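Fold and contact review
These are the residues of each chain, in order.
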Amino acid sequence: MATDTGPGGKMEDLDLFYEQVKQVHGRGLWQTEGTAKKTATLPYIWKYQDFRPLLFKAAAMVPIELAERRVLVMANPGITSDWQATSTLLANLQIILPGEVARSHRHSASALRLVIEGTGAYTAVDGEKSFMEPGDFVTTPNWTWHDHGNDGDQAMIWLDGLDVPLVQATEAMFYEVYGAEQYPIVNPDDMSIRLYGGGALKPTWVKHNQYFSPLLNYKFAKTYETLKAMAEQTDGSPHDGISVEYTNPMTGGPALATMSCFASLMAPGLHTKAHRHTGGTIYHVIKGKGHSVINGKVFRWDEKDTFVVPSWHWHEHHAESEAVFFSYSDSAVITSVGLYREEALEENNGHQKIEGNFEPLPVPERAAGVQQRREPPKRD
Ligand SMILES: [Fe+2]
Ligand SMILES: [Fe+2]
């Protein structure tokens, strides 16, 4: 006897109907959980003191020729389907030893570097070397040939930011290895800094109609000097302190088409007011110590740590000493398609109620759905 379900018809009829739709690889939209999808990205912090010894271990155990890039991924424990920091971005740590070369390749994902320690290494992009120092923000625009080499006498470690998950989601990922270890050097070293590093001055004879900045290296010394000069005149943003965006000097747009990149300076004792916005953000502490409150939880950070504020999570920062953040997010994309929104916390004078401290999450035996390879790949 069929059960009467009211105006929608008999339950058995409905089940039969759903089965018929399923058989042609369809679903009733009303069967899905709707549009209020929860984010998988968790607020999280990766301590540099945990990763640094592991990077040196990797350098001793994994030859760079096999790894191609000797990189440890900071994997968000909320995302079990892959190793990535947020739903759209990667945050990785890379080490390169003196004399090593990370061979040339290119990909449709864009990449950035934020140098953490060491000197004497360079990134070469389309035949131009840019030498890197701590705090430098280095761009590797999509589909440019790039390799890294270390001509110095100490290891260099940097943060790699990439938009790989975003590009993969659009099924637009391409990757190619160059036919030789290094792409030929065709430009003088650091030419882009001389051409495009003049701040508001841009060369009139260059037509650069690209989605990305032609400036390969935004030197930290200059960024810091700019931030300090601004701090003499203003308190800056109530949410970020003295905060600047790294822009494309030819257009004023974001430095990379998919990633908005920022530097912020916070004076000792500054406690910013909470806000939330779309655009999951990865923060790297260039300088200083303090804590951030993310959705009511306290995340303590020290120099060189990296943490994630997921999209639409309340966050505020408290600098215990002078602090400088580098941060990057996918807001370049979401702003350009009308998905950016922001809200300031009104209650409690703009500060969240503290509900506890961050605790590292236990590590599952094996993340579901992620293929793990024990040996680095064999290369000819
Ligand atoms: Fe790369
Ligand atoms: Fe923010």
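Look above for the structure.
So, how was this worked out
Residues numbered from 1 in each chain as written. Chains lettered and ligands numbered in written order. Predicted model: local features only at pLDDT ≥ 70, side-chain atom pairs only at ≥ 80, totals over all residues. Heavy atoms only, no water. Helix = DSSP H or I, 4+ residues; strand = E, 2+ residues; numbered from the N terminus. Rg over C-alpha atoms; globule rule 2.2 N^0.38 Å. Buried < 20%, exposed > 50% of the residue type's maximum accessible area, 1.4 Å probe, protein only. Contact = heavy atoms within 4.5 Å. Areas by Shrake-Rupley, 256 points an atom, 1.4 Å probe, with all protein chains shown as cover. Lys, Arg positive; Asp, Glu negative; His and termini not counted. Charge placed at Lys NZ, Arg CZ, Asp CG, Glu CD. Phe/Tyr/Trp six-rings, centres within 6.5 Å; stacked < 30°, edge-to-face > 60°. Lys NZ or Arg CZ within 6 Å of the ring centre and 35° of its normal. Pairing = 2+ DSSP bridges. Axes fitted to C-alpha atoms, helices over the stretch in contact; angles between N-to-C directions. Salt bridge = Lys/Arg side-chain N within 4 Å of Asp/Glu carboxyl O. Core = buried A, V, L, I, M, F, W, Y, C linked by side-chain atoms within 4.5 Å.

Here we look at the overall build of the chain
Of the regular secondary structure elements, the chain holds seven helices and 23 strands. By the compact-globule yardstick of 21 Å for 380 residues, the chain fits well, its C-alpha radius of gyration being 23 Å. Counting the 380 residues in the chain, one finds 47% classified as buried. When contacts within the chain are restricted to residue pairs at least 6 apart in sequence, long-range pairs at least 24 apart make up 75% of them. As displayed, the chain has an accessible area near 19,900 Å², and 54% of this comes from carbon and sulfur atoms. Taken together, the 34 basic and 47 acidic charged side chains of the chain have centroids lying 2 Å from each other.

Describing the packing of aromatic side chains
Per the counting criterion, the structure on display carries 20 aromatic pairs. On the numbers, 4.9 Å between centres and 65° between planes, the contact of W145 with Y178 is edge-to-face. Here the residue W145 occupies a position in the loop between β8 (137-140) and β9 (146-150), and Y178 occupies one in the loop between β11 (175-177) and α5 (191-196), the gap between them amounting to 33 residues. By relative accessible area, which is 10% here, W145 ends up buried. One aromatic cluster in this structure is built from F137, Y218, Y246, F326 and Y328. Positioned above the aromatic ring of Y122, the side-chain terminus of K129 is 4.4 Å from the ring centre.

Notes on the sheet that holds β8
In spatial order, the strands read β2-β3-β10-β5-β8-β12; together these six strands make up an open sheet with antiparallel pairing. The open sheet is flanked by β2 (71-73) and β12 (217-218), the only strands paired with a single partner. With three bridges connecting them, β2 and strand β3 (residues 90-96) associate as antiparallel partners. If you follow V73 over to β3, its bridge partner there is N92. Across the sheet, helix α2 (residues 48-61) is in contact with β2, β3, β5 (111-117) and β10 (156-162); its angle to β3 comes to roughly 50°.

Notes on the pairing of strand β4 (residues 101-107)
With six of its seven residues buried, β4 lies for the most part within the structure. In this structure, β4 lies alongside β9, joined through three bridges in antiparallel fashion. Within β9, the residue paired with H105 across the bridge is H146. Here β4 pairs with β11 via three bridges, running antiparallel. Note that in β11 the partner of H107 across the bridge is Y175.

So, the pattern of salt bridges
For the coordinates displayed, the defined rule picks out 14 salt bridges. D151 serves as the salt-bridge partner of K129, at 3.9 Å between the closest nitrogen and oxygen. With K129 in strand β7 (residues 128-131) and D151 in the loop between β9 and β10, the pair connects residues that are 22 residues apart, well separated along the chain. A salt bridge links K287 to E322, with the nearest nitrogen and oxygen atoms 2.6 Å apart. Within this pair, whereas K287 is found in strand β16 (residues 281-287), its partner E322 is found in the loop between β20 (315-319) and β21 (323-329), the two being separated by 35 residues in sequence.

Here we look at the sheet that holds strand β1 (residues 44-46)
Reading across the sheet, the six strands line up as β1-β19-β16-β21-β14-β13 and stay open at both edges, with antiparallel pairing between neighbours. Each edge of the sheet is formed by a strand with only one pairing partner; in this case those strands are β1 and β13 (242-245). Neighbour-to-neighbour, the strand axes of this sheet turn through a mean angle of 20°, independent of strand direction. Bridge count between β16 and β21: six bridges; the pairing is antiparallel.

Quick word on the environment of T32
Its location among the elements puts T32 in the loop between α1 (11-23) and β1. Separated by 64 residues in sequence, T32 and I96 place their C-alpha atoms 47 Å apart.

Observations concerning the nonpolar core
In this structure, F137, F307, F326 and Y328 are the most contacted members of the largest nonpolar core, which totals 55 residues. At five residues, β21 tops the list of elements feeding residues into this core. Counting residues in each nonpolar core, the second largest holds nine residues, with V115, M132, M156 and W158 among its members.

Concerning unusual backbone geometry
Phi at E68 is positive, roughly 70°, even though this residue is not glycine. Along the chain, E68 turns up in the loop between α3 (64-67) and β2. What makes E68 buried here is its relative accessible area of 6%. One non-glycine residue, E171, adopts positive backbone phi at about 55°. Residue position: E171 is located in the loop between α4 (164-169) and β11.

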